Amino acid sequence: MSSEAARAAPRDRLLGELLLDAGLLGVADLERGLALQQKLGGRLGSVLMRIGAVSEDNLLQVLSRQLGLPVMGAEVPAPDEDAMRLTALQAPTGIDWLLDQQVLVWPGEGNDLLCAARDPLLPSLREAMRHAFPGRRVHWCLCRAQDLERMLDGLAHHARSDEWSGGDEQQLRAMAEEAPVVELVSNLMAQAVEQRASDIHLEPEERTFSVRFRIDGVLHNRLHLPRDRFDAVASRLKLISGMDIAERRLPQDGRMSTRVGGQEMDIRVSALPGVHGESIVMRLLPKERKELGLERLGFEADHLAMMKAWTAEANGIVLVTGPTGSGKSTTLYASLAAANDGLKKIITVEDPVEFQLPAITQIQAHPDIGLTFANALRSILRQDPDVIMIGEIRDLETAQIAVQAALTGHLVLSTLHTNDAISAFTRLVDMGVEPFLVATPVRAVQAQRLVRRLCPHCARPHAVPAAIEAEVRLFAERVLPGMAPRWMEAVGCSQCMNTGYRGRLGIYEMVPVTEAMQHLIVSGASVNEMKKLARDEGCRFLRDDGLLKAWQGQTTAEEVLRVTGS
């Protein structure tokens with residue numbers, strides 16, 4: 001029986017089985033989809049898309065094999081919109097019927113016609129098209145929902161623009177619950193997860209709105225849709241993330257938890273009013289993070305040993321610095337995981353709590369009700385903690401309590417927004433902390449950035465200028481003795497969406513606070529003097545560590561210079 005099943009043509013097999021076999025769907029998501037289909041009706045593929053279990057691109061790929069129908073824009077070229085409009089205007093059915101049935105029709109080879117619809121398998125629709133175009137062969141194809149919507153909008157000359165252009169709260173809610181909008185939003189999130197995006201950006205303009213994914217730290221255009229669709233999509237996102245759906249004049253923040261592409265995700269949503277409408281950004285945060293280990297973050301062996309030693313300290317402050325999006329939170333979480341040996345009480349105060357860690361007490365700051373970092377810290381100190389993690393030192397009050405906590409026997413981990421490690425000392429002094437209270441408790445400062453990792457499938461050897469190689473050779477001989485350089489360049493292939501890069505890794509600048517450094521801090525020395533001392537003591541800066549990784553073939557010299565500056 002199993003051999004017969006293996007030989008069965010895709011058309012004879014159920015869609016759910018094909019998706020499972022292709023590894024595009026989990027059993028739990030399939031069962032959930034089947035249960036919803038039984039309750040709500042409709043086709044299984046549409047239900048799976050609505051719940052975010054599978055992206056439309058992957059669904060169409062499997063449906064194409066199952067049904068033997070080509071996909072518009074892949075096996076069948078996308079139609080010329082002028083030719084499609086002319087065919088619709090000349091159709092015996094009339095253009096209103098095509099719009100009502102959500103059907104696209106355009107010329108094929110010879111006298112043939114190509115046809116796409118929301119449900120191309122509907123027998124009544126196929127029969128109607130045969131009667132409408134007697135004597136002409138109609139070839140059906142599959143089509144992405146957003147392409148169908150965009151082209152139907154073009155056919156209708158925005159006749160339905162009023163329906164989508166907003167209105168009172170009741171109308172916005174109705175728009176947000178319409179099936180095409182629900183499918184579009186779910187599909188965008190599923191595509192983003194499959195493409196490893198960290199953020200989704202929806203940006204309205206005068207006549208269109210664009211959707212961009214941030215992948216490996218760089219924004220990529222993914223979709224352009226008519227502007228009159230935007231209000232419905234924005235309303236949908238506000239509705240499911242708990243924002244005020246009718247408020248479009250003030251910034252808002254929302255949050256939701258959902259299952260997307262087989263993963264449990266926390267999604268933070270931010271809406272910011274602009275000239276042409278609200279810019280909406282969704283930050284995608286997987287609830288389960290497999291890479292939360294210091295060994296997986298890109299530390300060289302010497303840096304890894306330093307970080308482990310710092311997180312094993314009994315007291316003091318360890319600071320992680322860098323701009324927004326440089327991976328500071330991930331490093332702190334990995335440090336907490338390393339420090340969590342089951343013998344310590346670990347408490348964090350964060351805004352927001354990005355990942356939930358086992359056996360650690362995590363506090364979400366709420367400044368609007370008075371639960372600031374400083375107020376939370378005062379209460380944390382009464383909880384007998386061994387390790388405290390502060391999401392960010394933002395003001396003098398928080399900095400002073402962190403210093404007192406470190407001086408009274410606690411290990412404090414926190415972040416600062418500075419461009420390099422050394423600047424953390426002057427930043428604390430500028431906040432108002434006395435220099436001797438900076439020098440005494442701070443054990444070490446680390447700065448970091450993220451660079452894109454080369455795609456292993458298409459990277460190829462590449463020479464770099466002699467000056468670059470000479471610059472990094474000194475560190476390579478010390479950190480990677482005996483290793484010959486493996487300079488590579490990014491090429492681009494289907495595995496990395498033609499970017500040449502896949503994934504990211506950290507580059508680091510690690511400065512321990514030695515007695516000599518303490519003396520410079522207390523004496524009010526300049527940043528340049530402290531940098532010279534750090535260099536003399538063997539520290540390597542961000543650019544050095546990045547070029548060291550390029551030496552090993554993990555990234556490119558160009559990428560390092562892009563991130564650290566030339």
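Calculation criteria
- Residues numbered from 1 in each chain as written.
- Predicted model: local features only at pLDDT ≥ 70, side-chain atom pairs only at ≥ 80, totals over all residues.
- Heavy atoms only, no water.
- Helix = DSSP H or I, 4+ residues; strand = E, 2+ residues; numbered from the N terminus.
- Buried < 20%, exposed > 50% of the residue type's maximum accessible area, 1.4 Å probe, protein only.
- Contact = heavy atoms within 4.5 Å.
- Salt bridge = Lys/Arg side-chain N within 4 Å of Asp/Glu carboxyl O.
- UniProt positions renumbered as here; feature names shortened; annotations may be inferred.
- Pairing = 2+ DSSP bridges.
- Axes fitted to C-alpha atoms, helices over the stretch in contact; angles between N-to-C directions.
- Domains from an automatic or database assignment.
- Buried area = accessible area lost by both parts, 1.4 Å probe.
- Expected span 1.5 Å × (residues − 1).
- Arc of directions from axis to C-beta.
- Phe/Tyr/Trp six-rings, centres within 6.5 Å; stacked < 30°, edge-to-face > 60°.

### Topic: the overall build of the chain
- When helices and strands are counted, the chain shows 24 helices and 18 strands.
- C-alpha extents for the chain along the principal axes are approximately 90 × 55 × 55 Å.
- In the chain, which comprises 566 residues, the share counted as buried stands at 49%.
- Within the chain, residue pairs in contact and separated by at least 24 positions form 64% of the contacts whose partners lie at least 6 positions apart.

### Concerning the pattern of salt bridges
- One pass over the full model with this rule turns up 38 salt bridges.
- Linking arginine 540 and aspartate 302 is a salt bridge whose minimum nitrogen-to-oxygen distance equals 2.7 Å. In this pair, arginine 540 sits in the loop between helix 22 (527–536) and helix 23 (542–551) while aspartate 302 sits in helix 14 (residues 301–311), placing the two residues 238 residues apart along the sequence.
- On the basis of relative accessibility, which here comes to 2%, the residue arginine 540 falls in the buried class.
- With a relative accessible area of 31%, aspartate 302 lands in the partly exposed category.
- Here arginine 543 and glutamate 471 are joined by a salt bridge, their closest N and O atoms 2.6 Å apart. Placement of arginine 543 in helix 23 and of glutamate 471 in helix 20 (residues 466–479) is noted, with a sequence separation of 72 residues between them.
- The exposure class of arginine 543 is partly exposed, given its relative accessible area of 23%.
- For glutamate 471, a relative accessible area of 28% gives the class partly exposed.
- Residues joined by salt bridges that share partners form a network here, namely Arg118, Glu149, Asp153, Glu183 and Arg229.

### Here we look at the UniProt feature "domain: Bacterial type II secretion system protein E" (unreviewed entry) in the chain
- According to UniProt, the "domain: Bacterial type II secretion system protein E" (unreviewed entry) feature falls on residues 381–395.
- Taken end to end, residues 381–395 is 0% helix and 27% strand, and its two terminal C-alpha atoms sit 18 Å from one another.

### Remarks on the sheet that holds strand 5 (residues 208–215)
- Pairing within the open sheet is antiparallel, and its 6 strands lie in the order 6-5-4-9-8-7. Each having just a single partner strand, strand 6 (218–226) and strand 7 (252–260) make up the two edges of the open sheet. Adjacent strand axes in the sheet meet at a mean angle of 20°, parallel and antiparallel pairs treated alike.
- Strand contacts of helix 13 (residues 230–241): strand 4 (197–204), strand 5, strand 6, strand 7, strand 8 (263–274) and strand 9 (277–286), with the helix running at about 80° to strand 7, the strand carrying the most contacts.

### Comments concerning the domain arrangement of the chain
- Assigned domains within the chain: domain 1 (15–67), domain 2 (81–160), domain 3 (169–286) and domain 4 (294–564).
- Computed over C-alpha atoms only, the centres of domain 1 and domain 2 are separated by 25 Å.
- Facing 7 residues of domain 1, the contacting portion of domain 2 comprises 8 residues.
- With both sides pooled, the region where domain 1 packs onto domain 2 buries about 630 Å², and carbon together with sulfur makes up 60% of that total.

### A short note on the side chain of histidine 410
- Within the fold, histidine 410 resides in the loop between helix 17 (396–407) and strand 14 (411–416).
- The exposure class of histidine 410 is buried, given its relative accessible area of 11%.
- Non-local contacts of histidine 410, meaning those with residues more than four positions away in its chain, are made with Ala314, Asn315, Gly316, Leu381, Pro385, Asp386, Ile388 and Ala405.

### Looking at the environment of methionine 389
- Counting through the fold element by element, methionine 389 comes out in strand 13 (residues 387–390).
- The class for methionine 389 is buried, based on a relative accessible area of 3%.
- In the structure, methionine 389 is positioned 13 residues away from alanine 402 in sequence and 9.6 Å away in space, judged by C-alpha atoms.
- Discounting chain neighbours no more than four positions away, the residues touching methionine 389 are Leu332, Tyr333, Leu336, Ile347, Thr348, Val349, Glu350 and Leu413.

### Considering helix 12 (residues 179–194)
- Between the first and last C-alpha of helix 12 there are 22 Å, a value that for 16 residues agrees with the 22 Å anticipated at 1.5 Å per step.
- With 13 of its 16 residues buried, helix 12 lies for the most part within the structure.
- Backbone geometry just downstream of helix 12 places arginine 196 in the positive-phi region, at approximately 60°.

### A look at unusual backbone geometry
- With an omega of 0°, the peptide bond between aspartate 351 and proline 352 qualifies as cis.
- Structurally, proline 352 is set in the loop between strand 11 (346–350) and strand 12 (361–364).
- Here the phi dihedral of aspartate 216 falls at roughly 55°; this positive angle occurs in a residue that is not glycine.
- If you trace the backbone, aspartate 216 turns up in the loop between strand 5 and strand 6.
- Exposure remark for aspartate 216: the relative accessible area of 10% places this residue in the buried category.

### A few points about the pairing of strand 10 (residues 316–321)
- The buried fraction of strand 10 is high, at 6 of 6 residues.
- In strand 10, alternate side chains face the same way, and those of Gly316, Val318 and Val320 on one face and Ile317, Leu319 and Thr321 on the other are all buried.
- Where strand 10 and strand 14 come together, 6 bridges link them in parallel fashion. Bridge pairing in strand 14 places glycine 316 opposite leucine 411.
- Here 5 bridges tie strand 10 to strand 15 (residues 442–454), and the two strands are oriented parallel to one another.

### Details of helix 21 (residues 515–522)
- Along helix 21, the residues classified as buried are Met517, Leu520 and Ile521. Projected down its long axis, helix 21 shows its buried positions confined to an angular sector of 100°, all on one face. Residues of helix 21 that are exposed and angled more than 90 degrees away from the buried face: Glu515 and His519.
- Where helix 21 is buried, its residues meet helix 18 (423–431), helix 19 (435–439), strand 18 (501–512) and helix 22.

### With respect to the packing of aromatic side chains
- What the rule picks out here adds up to 4 aromatic pairs.
- Geometrically, the ring pair formed by tryptophan 487 and tryptophan 551 is edge-to-face, given 5.9 Å between the ring centres and 75° between the ring planes. In this pair, tryptophan 487 sits in the loop between helix 20 and strand 17 (488–489) while tryptophan 551 sits in helix 23, placing the two residues 64 residues apart along the sequence. Taken individually, tryptophan 487 and tryptophan 551 each receive the classification buried, so the pair is uniform in this respect.

### So, the sheet that holds strand 1 (residues 103–107)
- An order of 1-2-3 is seen for the 3 strands of this open sheet, with the pairing classed as mixed. The sheet is open, and its two borders are formed by strand 1 and strand 3 (138–141), each paired with just one other strand. Mean inter-strand twist for the sheet, computed between neighbouring axes without regard to direction, equals 25°.
- Sheet analysis places strand 1 next to strand 2 (residues 113–117), joined by 5 bridges and oriented antiparallel. What sits directly across from leucine 104, in strand 2, is alanine 116.
- On top of the sheet, helix 6 (residues 81–90) reaches strand 1 and strand 2; it is set at about 105° to strand 1, its chief contact.

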